[in-house]
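# Coordinate inspection notes
Below, each chain spelled out in residue letters.
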Amino acid sequence: MSPPVRMEETSLLWLLCVSSLLSCPTTQVSLTVSPSSSQMFKGQSVSLSCEEDDSSAGWTLRRNTTRDTRTQCEDWGSPAGSSCIITYMVSSDSGVYWCESREGATSTSISITVPGGPVILQSPVLPVTEGQDLTLHCRTKTSSNLTASFSKDDSFIRTGPAGHMTIPHVSRSDEGLYRCSISSVGESPPSRVSVSGRPETSDPPTSNPPTSDPVPLVLRLVCHLVVFCPYCISTFIMVSLCRCRTTGNDLSVSMVMTPAPQAEEGLDDGYDDVTTAVTTEHHF
């Protein structure tokens, strides 16, 4: 009998392990870049960090470039706690960066480009949430408020007098490759802007009550009938039995008590006879 018991214990342990793994919350981490831009000037200093709700321990910053793959911060930057600092950006630093845990979980990856030209387009490094405003800046190394022209997918959009352009309430149709140019200075390389779906929110309560579905109402009525009908039937039977017992007791009492007047009447007759006899003897 011992082998089946051991098998049951092993199955129970496996079930507990799987349940504990499923119940553990998944830790979310995000990669942040400062300054927040998908394009950087050559020679610029950049700080990247893996940010987590509780702590950033256990996460490693990695990147893929044209020269290396899955390399850590120690190979191309200076670790500083949970951050990695690149003091002097060069074109070979262009690539994809992400955070990775010991278990293999990864954060959302971001792309950084170091074009080496005089103009860059400062755009969000992460997808913009649908419904938010999108602001693009066209910058040079010495100024960020020069008049610039903006285009999307090689189609001219408009001119920004102060070097920036804002698209209010973006939607999925606003995704694409954006670039900017400053007259007599140069043009930026293209930068892709992505738009993510709006997070789900609960609908606010309305003043009008929601209409009820007739099918659940019918099912609820049937359930009530199934539950209460036996109770009503049993109550009716009990009441009927009690009434029958009460009627039987009344009949038996009336049968016993009926002869009582006759006995009293016989007693009265005897009493009258005795009285007559006594009276007769007295007169004699």
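Residues numbered from 1 in each chain as written. Predicted model: local features only at pLDDT ≥ 70, side-chain atom pairs only at ≥ 80, totals over all residues. Heavy atoms only, no water.

On to the overall build of the protein chain. Along the backbone of the protein chain there are four helices and 18 strands. The buried share of the protein chain, taken over its 284 residues, is 24%. Pairs at least 24 apart in sequence give 56% of the contacts found in the protein chain among residues at least 6 apart. Accessible surface for the protein chain amounts to roughly 19,900 Å². Of this, 59% is attributable to carbon and sulfur atoms. (Helix = DSSP H or I, 4+ residues; strand = E, 2+ residues; numbered from the N terminus. Buried < 20%, exposed > 50% of the residue type's maximum accessible area, 1.4 Å probe, protein only. Contact = heavy atoms within 4.5 Å. Areas by Shrake-Rupley, 256 points an atom, 1.4 Å probe, with all protein chains shown as cover.)

Of all hydrophobic cores here, the largest spans 20 residues; its most connected members are L48, L61, Y97 and I112. Elements supplying a minimum of two residues to this core: β1 (29-34), β2 (46-52), β3 (59-65), α2 (73-76), β6 (83-86), β7 (95-101) and β8 (110-112). If we ignore the near neighbours within four places in the chain, the residues touching Y97 are L31, L48, R62, R63, W76, I86, T108, S109, I110 and I112. In terms of nonpolar packing, the next biggest core, distinct from the first, is built from 16 residues, M165, C180, I182 and V193 among them. (Core = buried A, V, L, I, M, F, W, Y, C linked by side-chain atoms within 4.5 Å.)

This part takes up the layout of surface pockets. Of the voids in this model, the largest pocket is the one considered here, and its volume is about 250 Å³. Taken together, 17 residues line the largest pocket, and the ones lying closest to its centre are S38, S111, P124, V125 and R192. Put simply, the parts of the chain that give the lining of the largest pocket at least two residues each are β8 and β17 (191-193). No other element matches the three residues that β17 contributes to the lining of the largest pocket. Looking at the lining of the largest pocket residue by residue, the classes come out as eight nonpolar, eight polar and one charged. (1 Å grid on protein atoms, 1.4 Å probe; cavity = no way out; pocket = protein on both sides within 12 Å on 5 of 7 lines; lining within 4 Å. Points joined across faces, edges and corners; volume = space filled by probe spheres on them. Nonpolar A, V, L, I, M, F, W, Y, C, P; charged D, E, K, R; others polar.)

Moving on, we get to empty space enclosed by the protein. Within the structure shown, the criterion is met by one cavity of 30 Å³ or more. Roughly 30 Å³ of volume is contained in the largest cavity. Considering the residues around the largest cavity, the lining is formed by P35, S37, Q39, M40, Q44, I120, Q122 and R139. Split into classes, the residues belonging to the lining of the largest cavity amount to three nonpolar, four polar and one charged.

In this section: the confidence of the model for the protein chain. On average, the protein chain scores 76 in pLDDT, and the residues at 70 or more come to 60%. Note that pLDDT drops below 50 for residues 4-26; the model gives that stretch zero contacts with residues more than four away or on any other chain. Considering only residues more than four positions removed or in separate chains, one finds that residues 204-213, a stretch of pLDDT under 50, has one contact. (pLDDT = per-residue confidence, 0-100.)

Okay, the side chain of D174 next. Relative to the helices and strands, D174 is located in the loop between β14 (164-167) and β15 (176-182). No salt bridge forms around the buried D174; measuring N to O, its nearest opposite-charge neighbour K152 is 6.2 Å away. A distance of 2.9 Å separates the side chain of D174 from the backbone nitrogen of S171, its partner in a polar contact. Contacts of D174, omitting those with residues within four sequence positions, involve K152, I167 and H169. (Lys, Arg positive; Asp, Glu negative; His and termini not counted. Salt bridge = Lys/Arg side-chain N within 4 Å of Asp/Glu carboxyl O. Polar contact = N/O pair within 3.5 Å; in protein donor to acceptor, adjacent residues only side chain to side chain.)

A separate point is the packing of aromatic side chains. Inspection of every chain in the model, using the stated rule, returns one aromatic pair. Between W76 and Y97, the ring centres sit 5.5 Å apart and the planes meet at 85°, which makes this aromatic pair edge-to-face. A residue pair is termed long-range when its members are at least 10 positions apart, and W76 in helix α2 and Y97 in strand β7 qualify at 21 residues. W76 gets classed as buried once you look at its relative accessible area, which sits at 11%. We classify Y97 as buried; its relative accessible area is 0%. (Phe/Tyr/Trp six-rings, centres within 6.5 Å; stacked < 30°, edge-to-face > 60°.)

In this section: the sheet that holds β14. Taken in spatial order, the three strands line up as β9-β11-β14 in an open sheet, and their pairing is antiparallel. Two strands in the sheet have a free side with no partner beyond their single neighbour: β9 (119-122) and β14. Strand-to-strand, the axes of this sheet are offset by a mean angle of 15°, without reference to chain direction. For β9 and strand β11 (residues 134-140), the ladder comprises four bridges, and the chain directions are antiparallel. Each bridged residue has a counterpart across the sheet, and for V119 the counterpart in β11 is T140. (Pairing = 2+ DSSP bridges. Axes fitted to C-alpha atoms, helices over the stretch in contact; angles between N-to-C directions.)

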